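Observations on chain architecture
Here's the letter readout for the chains.
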Amino acid sequence: MGLGDLSAQARTAAVICVLHLYSVADLSSLDELVVRLVQQRRSPAYRRELLRGLPEGVGIAGLRVLRTVERSLAAGVLPTVKDVAVDHGIEQSTASRAVHAVVAAGLATKSTCGDDLRKARLDLTGAGRDVLEHATRNRQALLQRVTADWSAADVAQLVALLERLTEGYRTGVLTPR
């Protein structure tokens, strides 16, 4: 008995079952690749490449704080410690310590918010911008080496797919329902 011998409803159910089997395998592979990518980005070798040439004491946590401040400023918002905590998915006390470290290093400033004296607004210093630019060059040089033998179309396709995946995480998981 082949698919042609089944009713339309049974054929549809059979096709859905087959598609589900493929999607489970694909999702399993995707899940493993995402985990491996995150692990590789947390490796000591990756950190060394990213931090190469940056001032002593600037670490990954500091760069993350600076990136959050940079993104917020680009959106026209003066960020707070709470914004850093939300962006990183960490407790406000942890974010406060990370912000304190970049302020102490002269990479960011913290000033009292005019409308709420309990809040402090964050901004980048020139040194903070320089550190971000240097880290960006390091990260892009690494990406260039990793994708050196890829076609421009492959890179563009990966960018488009990663944008969709990132947006899916943001709207499907990270946005409160």
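Here's what I pulled together on the structure shown here. The numbering scheme is per chain: residues are counted from 1 as the chain's sequence reads. Local features are withheld for residues below a pLDDT of 70 in this predicted model, meaning they are given only at 70 or higher, and side-chain atom pairs are given and counted only at 80 or more; totals for whole chains, interfaces and linings count all residues. To get the side-chain values, all heavy atoms of the structure are used, and hydrogens and water are removed first.

**A short note on the pattern of salt bridges**
Two side chains of opposite charge can pair, provided their charged atoms sit close to one another. The salt bridge criterion pairs a side-chain nitrogen of Lys or Arg with a carboxyl oxygen of Asp or Glu, the two atoms within 4 Å. The final tally for this structure, using the stated rule, is six salt bridges. Residue E70 is joined to R67 by a salt bridge in which the shortest nitrogen-to-oxygen separation is 3.0 Å. Of this pair, E70 and R67 both sit in helix 3 (residues 60-74), three residues apart, roughly one helical turn. For each residue, the accessible area found with a 1.4 Å probe, counting protein chains only, is set against the maximum for its type, and the residue is called buried under 20%, exposed over 50%, and partly exposed in between. What makes E70 partly exposed here is its relative accessible area of 32%. When its relative accessible area of 16% is taken as the criterion, R67 is described as buried. Segments assigned H or I by DSSP are reported as helices when at least four residues long, segments assigned E as strands when at least two residues long, and all are numbered from the N terminus.

**Notes on the nonpolar core**
Counting residues in each nonpolar core, the largest one holds 24 residues, and the members touching the most others are L63, V65, L66 and V131. Those elements that provide at least two residues to this core are helix 2 (44-51), helix 3, helix 4 (81-88), helix 5 (92-104), strand 2 (120-124) and helix 6 (126-146). Counting residues per element, this core draws most heavily on helix 3, which supplies five residues. What we call a nonpolar core is a set of buried Ala, Val, Leu, Ile, Met, Phe, Trp, Tyr and Cys residues that are connected through their side-chain atoms within 4.5 Å.

**Examining the packing of helix 3 against helix 5**
Whenever a helix is involved, its axis is fitted only over the stretch in contact; in every case the axis is a line through C-alpha atoms, and angles between N-to-C directions fall within 0 to 180 degrees. One way to put it is that helix 3 packs onto helix 5 with a least axis distance of 9 Å and a crossing angle of 90°. Our classification of the angle between helix 3 and helix 5 gives roughly perpendicular. Facing G62, V65 and L66 of helix 3, the residues of helix 5 in contact are A98, V99 and V102. All amino acids are sorted into three groups, where Ala, Val, Leu, Ile, Met, Phe, Trp, Tyr, Cys and Pro are nonpolar, Asp, Glu, Lys and Arg are charged, and the leftover types, Gly among them, are polar. Residue composition of the contact of helix 3 with helix 5, by class: five nonpolar, one polar and no charged. Orientation labels follow simple angle bins: below 35 degrees gives roughly parallel, above 145 gives roughly antiparallel, 65 to 115 gives roughly perpendicular, and whatever is left gives oblique. We call two residues in contact when some of their heavy atoms are within 4.5 Å.

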